[in-house]
Amino acid sequence: NGMVLGAYTFKSEDDIDTTEEYSRSGAEVQYTIASGLTAVINVDDYDYKSGGASTTADSGTNTKLTIKAAF
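Presented here is a report on the structure given in the accompanying data block. Just so you know, these numbers come straight off a predicted model, no measurement behind them. (Residues numbered from 1 in each chain as written. Predicted model: local features only at pLDDT ≥ 70, side-chain atom pairs only at ≥ 80, totals over all residues. Heavy atoms only, no water.)

Residues Met3, Leu5, Tyr31, Ile33, Leu37, Ile41, Val43, Leu65 and Ile67 make up a contiguous nonpolar surface patch of roughly 840 Å² in combined accessible area. Elements supplying a minimum of two residues to the nonpolar patch: β1 (3–13), β2 (21–34), β3 (37–50) and β4 (55–69). Among the elements that line the nonpolar patch, the one with the most residues is β3, at three residues. A relative accessible area of 51% places isoleucine 67 in the exposed class. (Patch = residues over 30% accessible without salt bridge, like charges linked within 9 Å, V, L, I, M, F, W, Y side chains within 5 Å. Areas by Shrake-Rupley, 256 points an atom, 1.4 Å probe, with all protein chains shown as cover. Salt bridge = Lys/Arg side-chain N within 4 Å of Asp/Glu carboxyl O. Helix = DSSP H or I, 4+ residues; strand = E, 2+ residues; numbered from the N terminus. Buried < 20%, exposed > 50% of the residue type's maximum accessible area, 1.4 Å probe, protein only.)

Here we come to the environment of isoleucine 33. Its place among the elements puts isoleucine 33 in strand β2. Residue classification places isoleucine 33 among the partly exposed residues on the basis of a relative accessible area of 45%. Distance in space between the C-alpha atoms of isoleucine 33 and methionine 3 is 9.3 Å, their sequence separation being 30 residues. Excluding anything up to four places from it in sequence, isoleucine 33 contacts Thr38, Ala39 and Ile67. (Contact = heavy atoms within 4.5 Å.)

Quick look at the pattern of salt bridges now. A complete count under the given rule lists two salt bridges for this structure. Across the pair glutamate 21 and lysine 11 runs a salt bridge whose closest N-O atoms are separated by 3.7 Å. Of the two residues, glutamate 21 sits in strand β2 while lysine 11 sits in strand β1, which places them ten residues apart along the sequence. Lysine 11 gets classed as exposed once you look at its relative accessible area, which sits at 55%. The shortest N-O distance in the salt bridge between aspartate 44 and arginine 24 comes to 2.3 Å. Within this pair, whereas aspartate 44 is found in strand β3, its partner arginine 24 is found in strand β2, the two being separated by 20 residues in sequence. The class of aspartate 44 is buried, set by a relative accessible area of 7%. You can call arginine 24 partly exposed: its relative accessible area is 23%.

See the structure below:
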């Protein structure tokens, strides 16, 4: 039906400072609107933790809509 789904997740830790962590996960949907015209929706979520108590230093969600045209 012209729809493609994708997803990913990963986690990273600093070997020197074991309390520092970065994790990220996301999903993407591509939908073919018409021949040569595609809509792409991308959602990306991340968390960065640092410090002895592993408190969240930064986190957030990014969402992007892109329309691709091929001639």
